Amino acid sequence: MTETFDVVVVGGGPAGSTAATVVAMRGHRVLLLEKETFPRYQIGESLLPSTVHGICRILGVTDEVGRAGFTVKNGGTFRWGRNPEPWRFSFAMSPRLPEPTSTALQVERATFDHILLRNAARVGVDVREQCQVRGVIEADGRVQGVEYTDGGGARHTVHARYVVDASGNTSRIHGNVGGSRVYSDFFRNLAVFGYFAGGARLPQPNAGNIFCAAFDAGWLWYIPLRDDLTSVGAVVSAEHRAAVQGDPRAVWRSMIEACPEISSKLVGVPVATEQPYDQVRVRKDYSYWKQSFSSPGMLLVGDAACFVDPVISSGVHLATYGALLAARSINACLDGAVPEQRSLAEFEARYRREYALFYEFLMSFYDMQSDERSYFWQAKRVTAVDATEAAAFAELVGGLVPGEDGVGLRLTESAADLAGAVGKLATAGDRHNPLATARTVGETFRQGRNLQEEALYGAPLDDTEPPVPGGLALAKDGLGWIA
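What you are looking at is a predicted structure, and each value in this text was computed from that prediction instead of being measured.

Notes on the packing of aromatic side chains
Under the definition given, this model contains 36 aromatic pairs. Taking 6.5 Å as the distance between ring centres and 65° as the angle between the ring planes, the aromatic pair formed by Phe 70 and Phe 112 counts as edge-to-face. With Phe 70 in the loop between helix H3 (62-67) and strand S3 (71-73) and Phe 112 in helix H4 (residues 109-122), the pair connects residues that are 42 residues apart, well separated along the chain. When sorted by exposure, Phe 70 lands in the same class as Phe 112, which is buried. Relative to Phe 365, the ring of Trp 80 has its centre 4.8 Å away and its plane inclined at 45°; by these criteria the two rings are tilted. Of this pair, Trp 80 sits in the loop between strand S4 (75-79) and strand S5 (87-90) while Phe 365 is found in helix H9 (residues 340-367), placing the two residues 285 residues apart along the sequence. A residue is classified by how much of its surface remains accessible, and Phe 365, at 3% relative accessible area, is buried. Between Lys 380 and the ring centre of Phe 376, over which it is positioned, the NZ or CZ distance is 5.1 Å.

Here it is, written out as structure tokens:
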């Protein structure tokens, strides 16, 4: 069977659903192919406000997400850095983003992702599950569609003006966009994680916060999903791979016991037995990015394009923001508003910049944790970044820093800036947030704030310059670019 669509999206997670929905909202014909059947399990439960109050509002699922009963989080709590006492940050950093838009959610991804996928179908996307994409169709120097197999084993060919790969870190087709994946040595970690049937909560009003605690071998997350369900995971260096592969559950429990701030919250709490939370899972937590995010006829979003360390819950934000950018660029091309080369360049520049800002922020964040006894933390110093990684980072960010020579200075200044702001939190009180004036924080979360203001007010209120020099302007409906 051969069909024709304007766009084919591969993968039905948040990135794929977002890209497909925004293109379909412009009236274009979109096919979304997902290899699994939703709802399905996925890691990545902790969200940022930009996803909840920006992307979800743009997609039209705010009310449905609100009715799902997800845990509300006001920010994050950390036992991290030079202060031995836990500290916290609040999302309420802008008076123009009032309650409840200064909060985020802890979500069960099976439910959250299913909401987004059903919504894509509601706005006109042809959603087909149990469909495995086998490869892309290329001709005349561009991608022109895909070949896939449905749940019954029948083979299909689909032609399209554009293909969006949102199929995750195991993508079979990302190689059709030029350039290889660049892996970070700084963030070459391993995650082992599972769930408990409950656990102690932080004092109100921060009971829903994610809690992250550093310990000698790495750090642990503690995410309160429900009163009777807590996600707990350890991020450690790759040197633990053999032990983790040998007995992941035993290593997981030993890592938790090695961190009193986390283990004390789980005294007497049994591990979860309900499916799919009864398993202990392992993931290579390697940060990477593709040298290119697009080529003629094809765009990469989500983990197919890039992945960065999860400590500040940026995964779904980067995936959905990148998908929104991709959809805006595709719409501009399909509608003839902007030439393809210019429109894809806008997608590429904005997406790479957003990833680079989070990457730099996370390097600075890791640098705050000082432990001279720990191999893990000594390797996570900004001063330990080797020349190869610095060169790769300089290439990634383009004009963000002045060449390779400026990378080391920028990272050192960013680390000092962030550490200084965090150091002021304990004495700042509730009326002033030092993080709000830190350059590192402001740059990193600028586009997330703008997304929320776009969703609430139709456009950013006081940040009207494009994030990239000479960038395209946003169309009035927020669904495309204009020259």
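Once you've had a look at it, read on.
Description of the nonpolar core
Grouped together as the largest cluster of nonpolar side chains are 135 residues, with contacts concentrated most on Trp 80, Trp 221, Val 311 and Tyr 366. If near-sequence neighbours (up to four positions away) are discounted, Trp 80 is found in contact with Trp 87, Ala 214, Trp 219, Val 311, Phe 365, Tyr 366, Met 368, Gln 369 and Trp 377.

Things to note about the sheet that holds strand S15 (residues 281-290)
Spatially, the eight strands line up as an open sheet ordered S5-S4-S12-S13-S14-S11-S15-S18, and their pairing is mixed. Here the strands that pair on one side only, and so sit at the sheet edges, are S5 and strand S18 (306-307). Lying over the sheet, helix H6 (residues 248-257) contacts strand S11 (181-196), strand S12 (210-215), strand S13 (218-226), strand S14 (229-237) and S15, oriented at roughly 90° with respect to S11. Lying on the sheet, helix H11 (residues 387-397) is in contact with S11 and S15; it crosses S11 at an angle near 90°.

Some details on the packing of H9 against helix H12 (residues 407-423)
Look at H9 against H12: their axes get within 8 Å of each other, and the N-to-C directions meet at 60°. Every pair of crossing elements has a handedness; the one defined by H9 and H12 is right-handed. Every residue of H12 that contacts H9 at Leu 357, Glu 360, Phe 361, Met 363, Ser 364, Phe 365 and Asp 367 is listed here: Arg 410, Leu 411, Ser 414, Ala 415 and Leu 418. When its residues are assigned to classes, the contact of H9 with H12 shows seven nonpolar, two polar and three charged.

About the thresholds
- Residues numbered from 1 in each chain as written.
- Predicted model: local features only at pLDDT ≥ 70, side-chain atom pairs only at ≥ 80, totals over all residues.
- Heavy atoms only, no water.
- Phe/Tyr/Trp six-rings, centres within 6.5 Å; stacked < 30°, edge-to-face > 60°.
- Helix = DSSP H or I, 4+ residues; strand = E, 2+ residues; numbered from the N terminus.
- Buried < 20%, exposed > 50% of the residue type's maximum accessible area, 1.4 Å probe, protein only.
- Lys NZ or Arg CZ within 6 Å of the ring centre and 35° of its normal.
- Core = buried A, V, L, I, M, F, W, Y, C linked by side-chain atoms within 4.5 Å.
- Contact = heavy atoms within 4.5 Å.
- Pairing = 2+ DSSP bridges.
- Axes fitted to C-alpha atoms, helices over the stretch in contact; angles between N-to-C directions.
- Left-handed = near helix turned anticlockwise from the far one by under 90°.
- Nonpolar A, V, L, I, M, F, W, Y, C, P; charged D, E, K, R; others polar.

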